Structure formats: C-alpha cells, structure tokens
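A structural walkthrough
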Amino acid sequence: VEAAPGDPFRFAPVSVLKGEAAVLPAVPFLLDRQTAARLDLDPSLAVLGTWSEAGGWRRFDIVSADLAAFLRGIPALDLSDPRTRLDVFGPMQGHPDEAADRMALVELASLPYPVLRGLEPRIDRRAFAGRIMDPVWTDWAPVMILLMGLSDDPADQTLVRRASEAAAREGRRNLAPWATARIEVDGLEGLDWLERVILADEARTGSEVRDAGLALASHAPRQDAVGARARQTMGDLARRHPDLAGLIAAALMDGGDWSLA
C-alpha cells in the first residue's frame, strides 16, 4: 500500500501479492508523518499489509522494491517443508534491510530446532547486543539467541556462556533459549552446567525447571552423545517433575527414545 490518491493521510492498495484486489475493503490506517516522509523520499518503497476476513487489515514493515519482488515469488513456493523455509529465508538473516531481516527471523523462529541447527548464522554480535536490549526486538530475542549459539566465533561463544550464566543466576527471561545455546556451544559440558546450576538446585521455580526442560527437548532429537545425554536427563526429570510429562514425552518421541513409554 502507499498514500491514497487525493487523500495523503490514508493508504491505498497498489499491488496485490496474493489474493484478489476486488475483495479488499478500504485500509483503515492513517498515514503517519514519519512513514509519509520516507515514502516521499524514496518512491520505490511501499508498506506491506495483509487482510483477511477474520483479522481485517494488519500493517507490517516498510519494504523496498527488492523485498517486494521477493515477496511476489513466495506464493509459488511450498513452504510447508521446514527445510525449504530454511533455504528460502536463511540467506536473508542479517540483511541490511531491517524489514527483510525481521521477516527472516519470524520465519526462522517457526522452525524446529533440529532444522534450525542446519543454518549457517549471519548474526552480527554488535547488532545482536543492541537488539537484545531493545523492546522493539523483544519478540525476536529467542531466535536471535539460538542463532548466536550456532556461531563458531569464539567471541560469540563467550557471549553465550556469560549471558547464559546471567540468565540462570537472575532467573531472567529467555532462560530456555540461552540454555539451549549454551548446550549448543559446549555440548556435554553445557549439559553438565544445566544439571548443576538449574536442575540440581531445589530452590528453582517451576518456570525455571521448565525452561531447562525446553533446552533439553531442543537437543533430545540429536543422534549423538549430546542427544543421548539430553534424553537420559529428561528421563530423570520426568520422574522428579511429572507435570512436565507432556513436554518430555514429545521430545523423547522426536529422538526415537521409547524407554519411558
């Protein structure tokens, strides 16, 4: 959508990526000054929006002409396969166009962790440090943390260790992805850390224990020593925390472990 002809304070659809233009009702959003200034400065930009009968209109990012061209090709792709989604959106992570970068993070966040592990991360540590503290990026913090854990850069791995220690010490939000990233970085030593610092601590809250369980569940499908150890630890966790039985059963099933059936 862009500014409506004859009414500079409202939007009007100019291109339909998927669906029929004839059924679209008027866009209810007012065109704010900041967006109007950007559209005036660069006529190739547009605002991405969606409409459905159930949800009505929703506004998303300002998009460039290149990103709009990419979006036009999306309806022709079968994105039901997580690995296809990884191949399509993985290269967009860290894109200089923030709208493209956010779109990549949204799609990558929907992938099962065993699939996400096949991605070569392109997350910049400085950008990550700024975004992880920015409320605008709060919804994408978990997937950014997981991507940081996949990095083979020693400085990135040091960041993961320090941040996971802080998250565990302070019961901080995003403990689950930080613990998942810590295991990714340190393998069996990361599992030792999780068991010692969280699972062996009787003072931990149910939420913190569940976060630890989620981290174990992320690695349980792995067919290596880390996966086997994660499944074993989940078995012990099931006996001590039967309220986590559903989470644990699903993770063990994904890992092909029926020992607790």
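Nothing here was measured: the structure is a model prediction, and the numbers come from that model.

Focus: the nonpolar core
Counting residues in hydrophobic clusters, the biggest one holds 49 residues, and the most contacted among them are Leu108, Leu116, Leu147, Leu194, Leu216 and Met234. Filtering out sequence-adjacent residues up to four positions away, Leu194 remains in contact with Ala179, Ile183, Leu199, Ala212 and Leu216. Within the second largest apolar cluster, 14 residues are counted, among which are Leu48, Phe89, Ala99 and Ala104.

What to know about the layout of surface pockets
Of the pockets and cavities examined, the largest pocket occupies roughly 1200 Å³. Taken together, 44 residues make up the lining of the largest pocket; nearest its centre are Leu17, Leu48, Gly49, Thr50 and Leu71. Elements represented by at least two residues in the lining of the largest pocket include exactly strand S3 (46–52), strand S4 (56–63), helix H2 (65–73) and helix H4 (98–109). Looking at the lining of the largest pocket residue by residue, the class counts come to 30 nonpolar, six polar and eight charged. The space that makes up the second largest pocket amounts to roughly 310 Å³. What lines the second largest pocket is a set of 15 residues, and nearest its centre among them are Ile132, Met133, Arg172, Asn174 and Trp178. For the lining of the second largest pocket, the secondary structure elements donating two or more residues are helix H6 (125–131), helix H7 (141–149) and helix H8 (154–170).

Quick notes on unusual backbone geometry
Positive phi values are uncommon outside glycine, yet Asn174 reaches one of about 70°. Structurally, Asn174 can be placed in the loop between H8 and helix H9 (175–186).

Notes on the confidence of the model for the protein
The pLDDT averaged across the protein works out to 87; a share of 97% of its residues lies at or above 70. Mean pLDDT values over the elements of the protein span from 59, in strand S1 (residues 2–4), up to 97, in H9.

So, the packing of helix H11 (residues 206–219) against helix H12 (residues 225–240)
When two helices pack together, their arrangement is given by the angle between their axes and by how far apart the axes lie. H12 packs onto H11 with a crossing angle of 145° between their chain directions and a minimal axis gap of 8 Å. Of the two possible hands of crossing, H11 and H12 adopt the one that is left-handed. Seen from H11, the contacting residues are Val209, Gly213, Leu216, Ala217 and His219; seen from H12, they are Val226, Gly227, Ala230, Thr233, Met234 and Leu237. Here the contact of H11 with H12 is composed, by residue class, of seven nonpolar, four polar and no charged.

Things to note about helix H10 (residues 188–199)
All buried positions along H10 are accounted for by Gly190, Leu191, Trp193, Leu194, Val197, Ile198 and Leu199. Down the axis of H10, the buried side of the element spans an arc of 155°, and every buried residue falls inside it. Those residues of H10 that are exposed and angled more than 90 degrees off the buried face are Glu189 and Arg196. The inward-facing, buried residues of H10 abut H8, H9, H11 and H12.

A short note on the packing of aromatic side chains
Counted by the stated rule, this structure contains three aromatic pairs. Ring centres of Trp137 and Trp140 lie 5.7 Å apart, and the angle between their planes is 65°; this geometry places the pair in the edge-to-face category. Across the pair, Trp140 and Trp137 agree in class, each one buried. Positioned over the ring face of Trp137 is Arg131, at 3.8 Å from the centre of the ring. Here the basic side chain of Arg182 rests over the ring of Trp193, its NZ or CZ set 4.6 Å away from the ring centre.

About the cut-offs
Residues numbered from 1 in each chain as written. Predicted model: local features only at pLDDT ≥ 70, side-chain atom pairs only at ≥ 80, totals over all residues. Heavy atoms only, no water. Core = buried A, V, L, I, M, F, W, Y, C linked by side-chain atoms within 4.5 Å. Buried < 20%, exposed > 50% of the residue type's maximum accessible area, 1.4 Å probe, protein only. Contact = heavy atoms within 4.5 Å. 1 Å grid on protein atoms, 1.4 Å probe; cavity = no way out; pocket = protein on both sides within 12 Å on 5 of 7 lines; lining within 4 Å. Points joined across faces, edges and corners; volume = space filled by probe spheres on them. Helix = DSSP H or I, 4+ residues; strand = E, 2+ residues; numbered from the N terminus. Nonpolar A, V, L, I, M, F, W, Y, C, P; charged D, E, K, R; others polar. pLDDT = per-residue confidence, 0-100. Axes fitted to C-alpha atoms, helices over the stretch in contact; angles between N-to-C directions. Left-handed = near helix turned anticlockwise from the far one by under 90°. Arc of directions from axis to C-beta. Phe/Tyr/Trp six-rings, centres within 6.5 Å; stacked < 30°, edge-to-face > 60°. Lys NZ or Arg CZ within 6 Å of the ring centre and 35° of its normal.

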